[in-house]
Amino acid sequence: MITKPGDVELIANAAGLAEVKGRSLWQDARRRFMRNKAAVAGMIVLVFIGLFAVFGGFLAQYPNDYVDFTLTGAGASNGVPSIETGHYFGVDPDGRDLYARTVQGTGISLMVGIVGAMVAVVVGTLYGATAGYVGGRTDGVMMRIVDILMSIPFMFVLILMLVIFGRSILMLFIGIGLISWLDMARIARGQTLTIKNKEFVEAAVATGVRPMTIILRHIVPNLLGIVIVYATLLVPNMIIFESFISFLGLGVQEPMTSLGALINSGAGQMNYGRLWMLAYPLFFFLITLFAFFFVGDGLRDALDPKDR
Amino acid sequence: MPTILSVQDLHVDFDIRRQGAWPWTPWQRLQAVGGLSFDLQKGETLGIVGESGSGKSTLARAIVGTVPTSKGKIVWKGDDLAAMNATARRKHRRDVQMIFQDPLAALNPRMNVGEIIAEPLTTHEPGTSRAEVKRRVGELMERVGLLSNLVNRYPHEFSGGQCQRIGIARALILKPELVVCDEPVSALDVSVQAQVVNLLRELQRDMGLSMIFIAHDLSVVKHISDRILVMYMGRVMELATSRELTREPRHPYTQALISSVPIPDPVAEKARHRPILEGELPSPLNPPSGCVFRTRCPKVQPSCAGELPVMQDVGNGHHVACPYQEVQQVLVTQQA
């Protein structure tokens, strides 16, 4: 009998000698997540919002800072949403195209949320895991620092910062970065305390694995389930936080805008019957938040530690 | 045969904070291991038995070096463990490996089997090529009775016995000299226990390992050990060869321990003498004076409360910590 080279592989496969692919806990979680319809729907909505924020600008007929003076002030009532004029979402009180501004505002809001969550995940997780793993006095000092930072009224500090250093996106990111990781550090530390007494960590210590490697290889991957869930729930919080600051008029600088700023200016126009100025930004704001909450919920169910 | 490990008057204490106490009240001292000494020869298996809370696991962790000792010495191949420099400590970590009680908890659920088994290797020989690591992991998996094509699986996809085999493979990949097994079979089914114990025995013979085998089940320990050390509340009660300890136990505690192993013959079971232990283990925060066993001892004398009993050598390497010791036959299962 002649065996071609390919056949050997085939026979080996048939005999079950090939390496079996294992299914990690992450893959299990993904399967559970995919079965959750609300979460998948939220994910799809998020993808569309993301695409809208990134590519929506190409469909806009006007740049977001172009002022059509015929449509400013009282004339803004003429800027109703319409396909013909190219103002798909109408114009804002200053006669600027609301579609272009919504696209741009959604982008800023998403970015604020994601940057806040990223800082929380990276800084908060590492800080908390280190404090929890090292323990003792180091842990005490590190967590007291977190307590002190938490006790500072952040809105006040942020407003001061924005007044002193001027309003800029960078300042906003710094402010959000400063506040977002504190809760995460506490959560990560608490989880680390339970994980570090598990036998697999002890096994690593006994073999002589270095502490930093233990934190990165054994502690953090086991924290990540909770961290991811918390991060997805943190994103909408950060968006709301930024919207609130923008609503106060301290957020991003004109002509840049964010959903919060758009909602603010739209809310002022309600009395004049120009509801679209509020409705469109509010719609995007709400579906973004809902989508994030659904995804966060789905992730929490999928990564539930009880299923381990 | 050369002595590979020597434990001399070892004490391990834990400081415990009383619940709800003021910050300035002194912490309580819990003595987990108190004044324990023994030597281990190369290639020997030392069994350690004792009930829960007798300090067996603490002793194991002290030998591996994950728990600090408070008094006494652990001498590993002539070097005091506490006084080792970083290089020697690294060598010690490499030469002394541990197998854990709960097979699943001892494996990181986020790593696959290949990564778990290779971890000691990649830690101590970081330059090893991937192919070499893979080859050695595969080889060892076959050796411990796992199919080497399962390297990409994760711990939760295995049974308890298989997980313990993974743990054994991880402990052996660096070809250590001493393996400390902390109740390696207590969490397993009886049928699987036998497989794992026989595997350990085989590996020990082939690789010339020394082994410390901890269990609370005397019948398992007897099967694998050359010598057995009986512990009670952190102290040695009796130390003898496996055969002598089970046939001619001298310490009242050993006798009680052996008599608690059931005999699978109702007639013999009924006929034998069975000293029953009364009461609970005393609190290690407040151990009894003198002989720690006196509160439960069937042969207790007034003098037991006074001084610590001296270790007596009754010949043939048989040591007993009881002045009123005498041989008492407590029939043991004939099999094995």
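Residues numbered from 1 in each chain as written. Chains lettered and ligands numbered in written order. Predicted model: local features only at pLDDT ≥ 70, side-chain atom pairs only at ≥ 80, totals over all residues. Heavy atoms only, no water.

Bringing the pairing of strand E6 (residues 96-99) of chain B into the picture now. Put simply, side chains in a regular strand alternate between the two faces of the sheet. All names here are of chain B. Going residue by residue along E6, you find Val 96 and Met 98 tucked away on one face and Gln 97 and Ile 99 tucked away on the opposite face as well. The pairing of E6 with strand E7 (residues 178-182) spans 4 bridges and is classified as parallel. Looking at E7, one finds that Val 96 is bridged to Leu 178. (Buried < 20%, exposed > 50% of the residue type's maximum accessible area, 1.4 Å probe, protein only. Helix = DSSP H or I, 4+ residues; strand = E, 2+ residues; numbered from the N terminus. Pairing = 2+ DSSP bridges.)

Turning next to the pairing of strand E4 (residues 71-76) of chain B. Residues and elements named next belong to chain B. Strand direction decides the pairing type here: strand E1 (residues 3-16) and E4, joined by 5 bridges, are antiparallel. If you follow His 11 over to E4, its bridge partner there is Lys 71. As judged from the 2 bridges shared by E4 and strand E5 (residues 79-80), these two strands associate in the antiparallel manner. Note that in E5 the partner of Trp 76 across the bridge is Asp 79.

Okay, the pattern of salt bridges next. Oppositely charged side chains can pair when the atoms bearing their charge come close. Tallying each qualifying case throughout the model produces 20 salt bridges over all chains. The partner of Arg 300 of chain A in a salt bridge is Asp 297 of chain A, with the nearest N and O atoms 2.6 Å apart. Here Asp 297 of chain A and Arg 300 of chain A lie together in helix H11 (residues 276-302), a separation of 3 residues that amounts to about one turn. Note on Asp 297 of chain A: relative accessible area 35%, which makes it partly exposed. For Arg 296 of chain B, the salt bridge is made with Glu 51 of chain B, and the minimal N-O distance between the two is 3.0 Å. One end of the pair, Arg 296 of chain B, is in the loop between helix H10 (266-271) and strand E11 (312-313); the other, Glu 51 of chain B, is in the loop between strand E3 (45-49) and helix H1 (56-64), and 245 residues separate them in sequence. Residue classification places Arg 296 of chain B among the buried positions, given a relative accessible area of 10%. One salt-bridge network, held together by shared partners, links Arg 144, Asp 147 and Arg 186 of chain A. (Salt bridge = Lys/Arg side-chain N within 4 Å of Asp/Glu carboxyl O.)

This paragraph deals with the nonpolar core. Ranked by size, the top nonpolar core spans 67 residues in total, and within it Val 201, Ile 214, Ile 219, Leu 223 and Ile 245 of chain A carry the most contacts. Here the element with the most residues in this core is helix H9 (residues 211-247) of chain A; it accounts for 16 residues. When sequence neighbours within four positions are dropped, the list of residues in contact with Ile 214 of chain A reads Tyr 133, Val 201, Ala 204, Val 205, Val 209 and Ile 219 of chain A. With 58 residues, the next largest nonpolar core counts Ala 169, Val 196, Leu 209 and Phe 293 of chain B among its residues. (Core = buried A, V, L, I, M, F, W, Y, C linked by side-chain atoms within 4.5 Å. Contact = heavy atoms within 4.5 Å.)

Looking now at the state of the cysteines. Scanning all chains against the criterion turns up 0 disulfides over all chains. Among the cysteines around Cys 304 of chain B, which has no disulfide bond, Cys 291 of chain B carries the closest sulfur, lying 5.8 Å off. (Disulfide = S-S within 2.5 Å.)

A few words on the environment of Thr 254 of chain B. Residues and elements named next belong to chain B. Tracing the backbone shows Thr 254 in helix H9 (residues 252-259). For Thr 254, a relative accessible area of 0% gives the class buried. When the C-alpha positions of Thr 254 and Glu 238 are compared, they lie 7.3 Å apart, and in sequence the two are 16 residues distant. Excluding residues within four positions of it along the chain, Thr 254 makes contact with Val 230, Glu 238, Leu 245 and Pro 249.

Turning our eyes to something else, we now look at the environment of Ala 88 of chain B. Residue and element names in this part refer to chain B. Among the structural elements, Ala 88 can be located in helix H2 (residues 86-95). Relative accessible area serves as the criterion here: at 22%, Ala 88 is assigned to the partly exposed category. When the C-alpha atoms of Ala 88 and Asp 13 are compared, they prove to be 25 Å apart, with 75 residues separating the residues in sequence.

Time to look at the sheet that holds E5 of chain B. Residue and element names in this part refer to chain B. In spatial order, the strands read E2-E1-E4-E5; together these 4 strands make up an open sheet with antiparallel pairing. Looking at the sheet topology across the chains shown, the edges are occupied by strand E2 (28-41) and E5. As judged from the 11 bridges shared by E1 and E2, these two strands associate in the antiparallel manner. Counterpart to Asp 15 in the pairing with E2 is Arg 29.

Between chain A and chain B, the contact holds 28 residues from the first and 30 residues from the second. Interface area for chain A against chain B, summed over the two sides, is near 2700 Å², with a carbon-plus-sulfur share of 51%. Applying the counting rule to chain A against chain B returns 2 salt bridges. Arg 61 of chain B is paired through a salt bridge with Glu 202 of chain A; the nearest N and O atoms lie 2.5 Å apart. (Buried area = accessible area lost by both parts, 1.4 Å probe.)

The subject of this paragraph is the domain arrangement of chain B. Where interface size is given, it is often the accessible area lost as the parts come together that is meant. Residue and element names in this part refer to chain B. What the domain assignment reports for chain B is domain 1 (3-14 + 29-225) and domain 2 (248-336). Computed from C-alpha atoms alone, the centre-to-centre distance between domain 1 and domain 2 is 29 Å. In this assembly, 12 residues from domain 1 lie in contact with 12 residues from domain 2. Summed over the three residues of domain 1 that lose the most area to domain 2, namely Glu 51, Leu 218 and Lys 222, the buried surface amounts to 49% of that side. The interface formed by domain 1 and domain 2 holds 1 salt bridge in total. Summed over the shared surface of domain 1 and domain 2, the number is 2 residue pairs in polar contact (both at pLDDT 80 or more). When residues of the side of domain 1 that touches domain 2 are assigned to their parent elements, the largest contribution, 4 residues, is made by helix H7 (residues 218-224). (Domains from an automatic or database assignment. Polar contact = N/O pair within 3.5 Å; in protein donor to acceptor, adjacent residues only side chain to side chain.)

Bringing the sheet that holds strand E9 (residues 227-232) of chain B into the picture now. All names here are of chain B. With mixed pairing, 8 strands are arranged side by side in an open sheet as E6-E7-E8-E3-E9-E10-E12-E11. Pairing within the sheet leaves two strands with one partner each, and these edge strands are E6 and E11. Where strand E10 (residues 235-241) meets strand E12 (residues 319-320), 2 bridges bridge the pair, whose relative direction is antiparallel. Counterpart to Glu 238 in the pairing with E12 is Val 320.

Moving on, we get to the packing of aromatic side chains. Under the definition given, this model contains 13 aromatic pairs over all chains. Ring centres of Phe 52 of chain A and Tyr 99 of chain A lie 5.9 Å apart, and the angle between their planes is 80°; this geometry places the pair in the edge-to-face category. Taken together, the residues span a long stretch of sequence, with Phe 52 of chain A in helix H3 (residues 37-55) and Tyr 99 of chain A in helix H4 (residues 98-134) at a distance of 47 residues. A residue is classified by how much of its surface remains accessible, and Tyr 99 of chain A, at 5% relative accessible area, is buried. For the ring pair Tyr 253 of chain B and Phe 293 of chain B, a centre distance of 5.0 Å and an interplane angle of 65° mean the geometry is edge-to-face. Of this pair, Tyr 253 of chain B sits in helix H9 while Phe 293 of chain B sits in the loop between H10 and E11, and the two are 40 residues apart along the sequence. By the burial criterion, Tyr 253 of chain B is buried, and Phe 293 of chain B matches it. (Phe/Tyr/Trp six-rings, centres within 6.5 Å; stacked < 30°, edge-to-face > 60°.)

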